[in-house]
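Overview (structure and organization)
Given next are the chains, with one letter for each unit.
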Amino acid sequence: MTTTDNSGDVRLSGIGKTYGSFTAVHPLDLTVPQGSFFALLGASGCGKTTTLRMIAGLEEPTQGTVHLGDQDVTHLPPYKRPVNTVFQSYALFPHLDIFENVAFGLRRRGIKSVKKQVEEMLELVQLGEQARKKPHQLSGGQQQRVAVARALINHPKVLLLDEPLGALDLKLRRQMQLELKRIQTEVGITFVHVTHDQEEAMTMADTVAVMNAGRVEQLGSPADLYENPGTTFVANFLGTSNLIEAEVDSTSGDDLVLKAGGGKLVLPRARCSAPATAGGKVLVGVRPEKISLTHADDAGEIPEGRNRLTGKIADASFIGVSTQYVVESPVCDELAVYVQNVERDGRLVPGADVVLHWSPAHTFGLDAAQDIDAGVETLEEEAA
Ligand SMILES: Nc1ncnc2c1ncn2[C@@H]1O[C@H](COP(=O)(O)OP(=O)(O)OP(=O)(O)O)[C@@H](O)[C@H]1O
Ligand SMILES: [Mg+2]
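Everything numeric here is computed off the predicted structure, so don't read it as measured data. (Residues numbered from 1 in each chain as written. Chains lettered and ligands numbered in written order. Predicted model: local features only at pLDDT ≥ 70, side-chain atom pairs only at ≥ 80, totals over all residues. Heavy atoms only, no water.)

Let us now look at the site of ligand 1. By nearness alone, every residue bordering ligand 1 is listed as Tyr19, Phe22, Ala24, Ala43, Ser44, Gly45, Cys46, Gly47, Lys48, Thr49 and Thr50. Note that an oxygen atom of ligand 1 is positioned 2.5 Å from one of the side-chain N or O atoms of Ser44. Thr50 is positioned with one of its side-chain polar atoms (N or O) 2.5 Å from an oxygen atom of ligand 1. Summarising the interface, the protein chains cover 58% of the accessible area of ligand 1, which totals 630 Å² for the free molecule. Mapped by element, the contributors of at least two residues to the shell around ligand 1 are strand 2 (22–32) and helix 1 (48–56). Considering every element that reaches the shell around ligand 1, the biggest residue donor is helix 1, with three residues. (Near = heavy atom within 4 Å. Polar contact = N/O pair within 3.5 Å; in protein donor to acceptor, adjacent residues only side chain to side chain. Areas by Shrake-Rupley, 256 points an atom, 1.4 Å probe, with all protein chains shown as cover. Helix = DSSP H or I, 4+ residues; strand = E, 2+ residues; numbered from the N terminus.)

Below is the structure:
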């Protein structure tokens, strides 16, 4: 692969899809660079599959164009696009053994000597030993690897994966995430992976597009999205965020000084995506693992220059690597705080008065005109 080869770029320009009066995908522009692992992440119904199917040619866009490299493929049928898709249901041929399942694409194109290529593919997905088994004799994860091998043997420029790990249990999912990432790195082709699992997207992808209601809400590397969410939806959907309503009090150099329930909080202006003028409202965000907890009796020991809030521990769950606290505070009734299990302060139990404190550099600011709970996973959704 050379850096000038862009034949595996996926370029969507103004692509959109409506069904009658319903808009499944609002016109969007998106470029997936050749050789990258790209994830489309979002809740059920946000338009991930529809977007993927438009790339594959399985769905005709209502508007816009799809390019693969320099080629406009918008009106090409699926089989003429250098693209293969792996779906959640592996759809292997039950009567064919693993070798023949993988060989299928080659045989269909009339290629006779398939042995070497199939064996290489089976090695790639670490199933060399299983070649003569039938699909039902393999585990779900192994079957899904066969599906990946069967798609890759066609040498697509782009592999599309629609929730390919959705049917697997959690442990196998985690293994397969690393496995797919390894395969992608090894073959170097462009992967576009659809998932509603934020951990999965962050583990695997170089770039994640967070979709919400038919729109790409934010695009970036996993770390960038996590550290600098631009909307409440992204802040809540990717991991957990504490969001606090605050008012801009004044500015001081590169910082904004905010008022939140009696106290003051400092927010670097560069980390505030909302227009901030004195008297205006801002949502202040901080991730749970960025916050330290100090018992109120020791409040004097907290270094200067940290943002602080007072509160009372409402709940503490010990989960091994960390303890997850829920803290009630005058500015927010449920603040999440994750404390690494290094030295445990035995006084930090429900009912204890505490000070929460963190570095201003770990604070982000969002437009207060948004729904503060957008993207929060409800128990019902989690159970689904
Ligand atoms: N053929 C269709 N006719 C009408 N509406 C459709 C059609 N296909 C999809 N939709 C609607 O478009 C929206 C987006 O669907 P899509 O399948 O892209 O969602 P998704 O993000 O893949 O969701 P999931 O995570 O549940 O698979 C949904 O509201 C869906 O009901
Ligand atoms: Mg889908």
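This part takes up helix 2 (residues 98–108). Here helix 2 has its buried residues at Ile98, Phe99, Asn101, Val102, Ala103, Gly105 and Leu106. Summarising the contacts, the buried residues of helix 2 are in contact with helix 3 (115–124) and helix 4 (140–152). Where helix 2 begins, the side chain of Asp97 points an oxygen toward the backbone nitrogen of Phe99, at a separation of 3.2 Å. At the exit of helix 2 stands Gly110, carrying a positive phi of roughly 80°. (Buried < 20%, exposed > 50% of the residue type's maximum accessible area, 1.4 Å probe, protein only. Contact = heavy atoms within 4.5 Å.)

A word on the sheet that holds strand 11 (residues 242–252). In spatial order, the strands read 13-12-11-14-20; together these five strands make up an open sheet with antiparallel pairing. What marks the edges here is a single partner per strand, and that holds for strand 13 (263–268) and strand 20 (364–367). The average angle at which neighbouring strand axes cross in this sheet is 45°, direction not considered. Bridging between strand 14 (residues 281–286) and strand 20 involves four bridges; their strand directions are antiparallel. Residue pairing across strands places Val282 opposite Asp367, the latter belonging to strand 20. (Pairing = 2+ DSSP bridges. Axes fitted to C-alpha atoms, helices over the stretch in contact; angles between N-to-C directions.)

In this section: the domain arrangement of the chain. Each assigned domain of the chain is listed with its residue range as follows: domain 1 (10–227) and domain 2 (243–372). Look at where the C-alpha atoms of domain 1 and domain 2 centre, and you get two points 40 Å apart. (Domains from an automatic or database assignment.)

In this structure, Val118, Leu152 and Leu159 are the most contacted members of the largest nonpolar core, which totals 46 residues. Looking at this core, the element that brings in the most residues is helix 4, giving six residues. If sequence neighbours within four positions are ignored, Leu152 has contacts with Met121, Leu124, Leu159, Ile183, Val187, Ile189 and Phe191. One finds Leu258, Val282, Tyr325 and Val337 within the second-largest nonpolar core, a separate group that totals 28 residues. (Core = buried A, V, L, I, M, F, W, Y, C linked by side-chain atoms within 4.5 Å.)

Here we take up empty space enclosed by the protein. As enumerated under the stated definition, the model contains one cavity of 30 Å³ or more in all. Roughly 30 Å³ of internal volume is contained in the largest cavity. If you trace the largest cavity, you find it lined by Val10, Leu12, Leu30, Val32, Phe38, Leu40, Ile55 and Val192. When contributions to the lining of the largest cavity are tallied by element, the ones reaching two or more residues are strand 1 (10–19), strand 2 and strand 3 (37–41). Taken together, the residues of the lining of the largest cavity sort by class into eight nonpolar, no polar and no charged. (1 Å grid on protein atoms, 1.4 Å probe; cavity = no way out; pocket = protein on both sides within 12 Å on 5 of 7 lines; lining within 4 Å. Points joined across faces, edges and corners; volume = space filled by probe spheres on them. Nonpolar A, V, L, I, M, F, W, Y, C, P; charged D, E, K, R; others polar.)

Another aspect to go through is the packing of helix 2 against helix 4. The N-to-C vectors of helix 2 and helix 4 enclose an angle of 30°; their axes lie 7 Å apart at closest approach. Judged by the angle between their axes, helix 2 and helix 4 are roughly parallel. Helix 2 and helix 4 meet at a crossing whose hand is right-handed. On helix 4, the residues that touch Ile98, Asn101 and Val102 of helix 2 are Val146, Ala149 and Arg150. Per-class residue counts for the contact of helix 2 with helix 4 are four nonpolar, one polar and one charged. (Parallel < 35°, antiparallel > 145°, perpendicular 65-115°, else oblique. Left-handed = near helix turned anticlockwise from the far one by under 90°.)

A few words on the sheet that holds strand 2. What the four strands build is an open sheet, ordered 2-1-4-5; its pairing is antiparallel. Where the open sheet ends on each side, the last strands, each with one partner, are strand 2 and strand 5 (71–72). Relative to strand 2, strand 1 is paired through seven bridges, and the arrangement is antiparallel. In the sheet register, Thr18 faces strand 2, and the bridge partner there is Thr23. Sitting on the sheet, helix 1 is in contact with strand 1, strand 2 and strand 4 (63–68), with an inclination near 120° to strand 1.

This part takes up the pairing of strand 1. Bridge count between strand 1 and strand 4: five bridges; the pairing is antiparallel. Residue pairing across strands places Gly16 opposite Gln63, the latter belonging to strand 4. Taking the residues that link successive antiparallel strands as the turn, the strand 1-strand 2 hairpin has two residues, and the phi of Gly20 there is positive, at about 60°.

Moving on, we come to the pairing of strand 18 (residues 332–340). Bridge count between strand 17 (residues 322–329) and strand 18: seven bridges; the pairing is antiparallel. Pairing of Gln324 across the sheet is with Tyr338, part of strand 18. Connecting the antiparallel pair strand 17 and strand 18 is a turn made up of two residues.

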